[in-house]
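In case you want the letters, here they are:
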Amino acid sequence: MAISYKDSGVDVERGYEAVRLMKQYVQSTYNGNVLGDIGSFGGFYQMPKEIKNPVLVAGTDGVGTKLKYAFIANKHNTIGIDAVAMCVNDIVCQGARPLFFLDYFATGSLSPETVATVVSGVAEGCRQSGAALIGGETAEMPGFYPDGEYDIAGFAVGVVDKKKIINGKKIKVGDMLIGIKSSGIHSNGYSLVRKLFGEDKAQLEKFDSRLGARPIDVLLTPTRIYVRSILSLIEKVEVKGIAHITGGGFIENIPRIFPAGIGCEIWQRSYEVPAIFKLMQEKAGISDEQIYNTFNMGIGMVVCVSKRNVDKALAALRAMGEECCVIGKTIKGSGVKLIK
């Protein structure tokens, strides 16, 4: 008896249908630099001509176990935004403008409608960041993933003029740190989140007065994309360093932008920590140092500027719709000192 590829669990017709359904979302991200009429095994993107000494900046990331809540809620239209955000927010920290993005989607049994919905979120993230979605991979892997589950990751490439690279080398003692508000937990720390909130759909969908919302809605809020705001800011103000607050929270990420011999103090009362983080700290029974080393605590990006540029930087960010404030300053030493 002949055994076909379909008999083994891979249906290429479903793959063709997924491509057909996602095509409209992909093409909505195209710009004049996408050469969509050339080739079929690779994506083509023409380098912008206005940059005199272009340097490419690349980043790759995934969404992690936040995906579990997408499966539980059967909500797949925002998880792609997270995949894009985790990559483009990283590369813009170097002053790079995202050019294009590629995604990788893998599942056990392909649902064309689900993959197209996920890709609609990827396309939305690309539009928010100005990146073109020029390719990707959809892998059907029978027996490898549980029914109804999938994984998604992405890869972004951006460009910056060599003389405009932001690398933290100019940071000095006494510079100020501006925190830009996050949309929530973003996409890090979900292994701990899942231990604290569990995976019971009924409980997750119950309104929680402490959060002012259903937990599932708070936990699936997509990661904020800061690209346009940061690119606008660096055209108006000298920005010395930018930290994307991801896994490792404040404690690991902020010092990454400092030269040797410089640390910082963070003023915990400089802004109102969102209820979700207070609730998680209470549930976990952990110290400030532990939770600030895990979550973004309501701050998705930290920007370092000189004291004289603080007001101008705050005004520029607020003009772009960001909620922000001064949350600390650089000091002699190393690491992060939390000040209550």
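The following refers to the structure shown. (Residues numbered from 1 in each chain as written. Predicted model: local features only at pLDDT ≥ 70, side-chain atom pairs only at ≥ 80, totals over all residues. Heavy atoms only, no water.)

### A few points about the overall build of the chain
Then, in step 1: When its secondary structure is counted, the chain shows 12 helices and 10 strands.
Then, in step 2: Scaling as 2.2 N^0.38, a compact globule of 340 residues should have a C-alpha radius of gyration of about 20 Å, and the chain matches this with 21 Å.
Then, in step 3: Seen along its three principal axes, the alpha-carbon backbone of the chain occupies a region of about 75 × 55 × 35 Å.
Then, in step 4: Expressed as a percentage of its 340 residues, the buried residues of the chain come to 51%.
Then, in step 5: Side-chain charges in the chain split into 40 positive and 35 negative, and the spacing between the mean points of these groups amounts to 10 Å. (Helix = DSSP H or I, 4+ residues; strand = E, 2+ residues; numbered from the N terminus. Rg over C-alpha atoms; globule rule 2.2 N^0.38 Å. Buried < 20%, exposed > 50% of the residue type's maximum accessible area, 1.4 Å probe, protein only. Lys, Arg positive; Asp, Glu negative; His and termini not counted. Charge placed at Lys NZ, Arg CZ, Asp CG, Glu CD.)

### A closer look at the nonpolar core
Then, in step 1: Among the nonpolar cores identified, the biggest contains 96 residues, and Tyr69, Phe197, Phe250 and Ile254 are the most heavily contacted of them.
Then, in step 2: With 9 residues, helix H3 (residues 79-92) is the single largest residue contributor to this core.
Then, in step 3: By size, the runner-up hydrophobic cluster in this structure holds 9 residues, among which are Phe100, Ala132, Val157 and Val159. (Core = buried A, V, L, I, M, F, W, Y, C linked by side-chain atoms within 4.5 Å.)

### Quick look at the packing of aromatic side chains
Then, in step 1: Counted by the stated rule, this structure contains 7 aromatic pairs.
Then, in step 2: Aromatic side chains Tyr69 and Tyr190 sit 6.2 Å apart centroid to centroid with 65 degrees between the ring planes, which places their arrangement in the edge-to-face category. Pair noted here: Tyr69 is in helix H2 (residues 67-73) and Tyr190 is in helix H5 (residues 190-197), with a separation of 121 residues, a long-range link. We note that Tyr69, like Tyr190, is buried.
Then, in step 3: When the centroid spacing of 5.3 Å and the interplanar angle of 65 degrees are considered together, the rings of Phe144 and Tyr145 count as edge-to-face.
Then, in step 4: These aromatic residues form a ring-pair network of at least three members: Phe71, Phe105 and Tyr150.
Then, in step 5: Directly above the ring of Phe197 sits Lys283, whose terminal nitrogen or CZ lies 5.2 Å from the centroid. (Phe/Tyr/Trp six-rings, centres within 6.5 Å; stacked < 30°, edge-to-face > 60°. Lys NZ or Arg CZ within 6 Å of the ring centre and 35° of its normal.)

### A few points about the environment of Glu235
Then, in step 1: The residue Glu235 is located in helix H8 (residues 227-236) in this model.
Then, in step 2: In the structure, Glu235 is positioned 40 residues away from Lys195 in sequence and 43 Å away in space, judged by C-alpha atoms.

### As for the pattern of salt bridges
Then, in step 1: Within the structure shown, the criterion is met by 16 salt bridges.
Then, in step 2: Put simply, Glu140 and Arg14 hold a salt bridge, and the shortest N to O gap is 2.4 Å. Taken as a pair, Glu140 in strand E3 (residues 132-140) and Arg14 in helix H1 (residues 12-27) lie far apart in primary sequence, 126 residues in all.
Then, in step 3: Classification of Glu140 as buried rests on a relative accessible area of 13%.
Then, in step 4: The salt bridge involving Glu205 is made with Lys201; its shortest N-O contact spans 2.8 Å.
Then, in step 5: On the basis of relative accessible area, Lys201 is assigned to the partly exposed category, the value being 39%. (Salt bridge = Lys/Arg side-chain N within 4 Å of Asp/Glu carboxyl O.)

### Quick look at the packing of H8 against helix H12 (residues 310-319)
Then, in step 1: Here H8 crosses H12 at 145 degrees, and the two axes come no closer than 9 Å. Crossing of H8 over H12 shows right-handed handedness. On H12, the residues touching Ser229, Leu233 and Lys236 of H8 are Lys312, Ala313, Ala316 and Leu317.
Then, in step 2: Here the residues of the contact of H8 with H12 sort into 4 nonpolar, 1 polar and 2 charged. (Axes fitted to C-alpha atoms, helices over the stretch in contact; angles between N-to-C directions. Left-handed = near helix turned anticlockwise from the far one by under 90°. Contact = heavy atoms within 4.5 Å. Nonpolar A, V, L, I, M, F, W, Y, C, P; charged D, E, K, R; others polar.)

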